[in-house]
Amino acid sequence: MRHSHFIRLVPALFVLLWSTGFIGAKYALPYIEPFYLLFIRMLLTLVVFTALALIYRSRWPSLREGGQQAVTGFLVHACYLGGVFAAIKWQMPAGITAIVVGLQPLLTSLIGWQWLGEKLRMVQWSGLLMGLAGVVVILLNGQHSEVTVLRPEAIAALIIALFAISFGTLYQKRFGSKVDLLTGSIWQYLSTAVAMGLLAFLFEERHVEWNMTLLLSLGWLVFGLSISAILLLMFMIREGESARVASYFYLVPPVTSLEAWLLFGEDLSWIQVVAIGVTVFGVYLVLRPATKAAAMK
């Protein structure tokens, strides 16, 4: 009974945790360069996951399975996080970044339809488009009107991040469903740490201004995001259809907007409130079980 209740709470917990990622990065990045931040974050996460795997005596994957998990980590963590952080570093506004990455549920569904043969009903496609429209309205209404120069390298980084997390989600669904979540995550973060380490030592000065704000932000990024949120995401990928899992990402911008309103007093217009409702309804259409008549078609 408790297990079934927890499973129902997993999507809500994931959205709540994932929505805080930009907040943690916003507090940390003034004191450390992005790739070096990710490198340190991955090393700390590796230590925690290794300890958990030893405590719970988790099954270690074979070399082939470990390699597949390393590919998942490179796509979902290294390319996605690295692309997003790099785009922000190159002056890409956070709102535009979130809009581009917000295409992920739709792109994941399209790729899954072709690659994994996952079929979506028309109402689910409508829900994906409705959710995307709601996210765009929420983010655009939160932007200022100043002119922004979009640098080509920032655009390229975002496109890499978008396709990486979409392919990574589907790759994990196809090849990683039987791997233990703890030991599989070790392989994922090992490949990510190598990638971030190379980027940090090749392109950054690695200067760090250590203070309590950075330490608290780093702690939250490790335990709240890299451990808790990612474990929930991998669990959802293993247990659900790719399109249904990806649709939860649409809920992240609305939750982030509500958090900013509650915590920092940021404006929340009535248009954004309506758009939040549209987004939530779109996700509901994707997740709603098919009726018997629809299932027979």
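So, how was this worked out
Residues numbered from 1 in each chain as written. Predicted model: local features only at pLDDT ≥ 70, side-chain atom pairs only at ≥ 80, totals over all residues. Heavy atoms only, no water. Helix = DSSP H or I, 4+ residues; strand = E, 2+ residues; numbered from the N terminus. Buried < 20%, exposed > 50% of the residue type's maximum accessible area, 1.4 Å probe, protein only. Contact = heavy atoms within 4.5 Å. Patch = residues over 30% accessible without salt bridge, like charges linked within 9 Å, V, L, I, M, F, W, Y side chains within 5 Å. Areas by Shrake-Rupley, 256 points an atom, 1.4 Å probe, with all protein chains shown as cover. Salt bridge = Lys/Arg side-chain N within 4 Å of Asp/Glu carboxyl O. Core = buried A, V, L, I, M, F, W, Y, C linked by side-chain atoms within 4.5 Å. pLDDT = per-residue confidence, 0-100. Phe/Tyr/Trp six-rings, centres within 6.5 Å; stacked < 30°, edge-to-face > 60°. Polar contact = N/O pair within 3.5 Å; in protein donor to acceptor, adjacent residues only side chain to side chain. Axes fitted to C-alpha atoms, helices over the stretch in contact; angles between N-to-C directions. Parallel < 35°, antiparallel > 145°, perpendicular 65-115°, else oblique. Left-handed = near helix turned anticlockwise from the far one by under 90°. Nonpolar A, V, L, I, M, F, W, Y, C, P; charged D, E, K, R; others polar.

As for the overall build of the protein chain
And step 1. Across its full length, the protein chain carries 14 helices and zero strands.
And step 2. Helices (α) and strands (β) of the protein chain occur, in sequence order from the N terminus, as α-α-α-α-α-α-α-α-α-α-α-α-α-α.
And step 3. Across the 297 residues that make up the protein chain, the buried fraction comes to 51%.
And step 4. Contacts in the protein chain between residues far apart in sequence, at least 24 positions, make up 91% of those at least 6 positions apart.

Some thoughts on a nonpolar patch on the surface
And step 1. Together, Val137, Trp270, Ile271, Val274 and Val278 make up a nonpolar patch on the protein surface, roughly 440 Å² of accessible area in all.
And step 2. No other element matches the four residues that helix H13 (residues 270-287) contributes to the nonpolar patch.
And step 3. Inspection of the secondary structure puts Ile271 in helix H13.
And step 4. Here Ile271 falls in the partly exposed class, since its relative accessible area comes to 32%.

Remarks on the nonpolar core
And step 1. If you look at the biggest cluster of nonpolar residues, it comprises 71 residues, and the most contacted ones within it are Phe14, Trp18, Tyr80 and Leu233.
And step 2. Ranked by residue count, the leading element in this core is helix H10 (residues 212-239), at 15 residues.
And step 3. Apart from residues no more than four positions distant in its own chain, Tyr80 is found in contact with Trp18, Leu75, Val101, Ala161, Ala164 and Ile165.

Description of the confidence of the model for the protein chain
And step 1. Across the protein chain, the average pLDDT comes to 82, with 83% of residues at or above 70.
And step 2. Mean pLDDT in the protein chain bottoms out at helix H14 (residues 292-296), which sits at 45, and peaks at helix H3 (residues 34-55), which reaches 96.

Let's talk about the packing of aromatic side chains
And step 1. By the definition in use, this model includes nine aromatic pairs.
And step 2. On the numbers, 5.7 Å between centres and 20° between planes, the contact of Phe49 with Tyr189 is stacked. With Phe49 in helix H3 and Tyr189 in helix H9 (residues 181-203), this pair connects stretches of sequence that are 140 residues apart. Here Phe49 and Tyr189 have matching classes, each one buried.
And step 3. Their ring planes at 25° and their centres at 6.4 Å tell us that Phe163 and Phe167 sit as a pair that is stacked. Taken together, the residues Phe163 and Phe167, both in helix H8 (residues 152-175) and four residues apart, mark about one turn of the helix.
And step 4. Phe163 gets classed as partly exposed once you look at its relative accessible area, which sits at 38%.
And step 5. Under the relative-accessibility criterion, Phe167 is labelled partly exposed at 37%.
And step 6. Aromatic ring contacts, followed pair by pair, group Phe14, Trp18, Tyr80 and Phe249 into a single cluster.

As for the side chain of Ser166
And step 1. With respect to the helices and strands, Ser166 occurs in helix H8.
And step 2. Excluding residues within four positions of it along the chain, Ser166 makes contact with Gln104, Leu107, Thr108 and Ile111.

Considering the side chain of Ser191
And step 1. Looking at the element boundaries, Ser191 is found in helix H9.
And step 2. Ser191 sits in the buried class, given a relative accessible area of 16%.
And step 3. Among the polar contacts made by the side chain of Ser191, one reaches the main-chain carbonyl oxygen of Ala70 at a distance of 2.8 Å.
And step 4. Non-local contacts of Ser191, meaning those with residues more than four positions away in its chain, are made with Ala70, Gly73 and Phe74.

Observations regarding the environment of Leu231
And step 1. Mapped onto the elements, Leu231 comes out in helix H10.
And step 2. If we ignore the near neighbours within four places in the chain, the residues touching Leu231 are Phe49, Leu181, Leu182 and Ser185.

Some words on the packing of helix H4 (residues 63-89) against H8
And step 1. Packing of H4 against H8 leaves a shortest axis separation of 8 Å and a crossing angle of 155°. One element, H4, and the other, H8, form an angle in the roughly antiparallel class. Along this stretch, H4 crosses H8, giving a crossing that reads as left-handed.
And step 2. A per-class count over the contact of H4 with H8 returns 18 nonpolar, seven polar and no charged.

Overview of the packing of H9 against H10
And step 1. The interhelical angle for the contact between H9 and H10, taken along N-to-C directions, is 115°, at an axis separation of 11 Å. By the criterion of interaxial angle, the relationship of H9 to H10 is roughly perpendicular. H10 is crossed by H9, and the crossing has right-handed handedness. Only Ser226, Ile230, Leu231, Met234, Phe235 and Arg238 of H10 make contact with H9, whose side of the interface consists of Leu181, Leu182, Ser185, Gln188 and Tyr189.
And step 2. For the contact of H9 with H10, a count of residues per class yields seven nonpolar, three polar and one charged.

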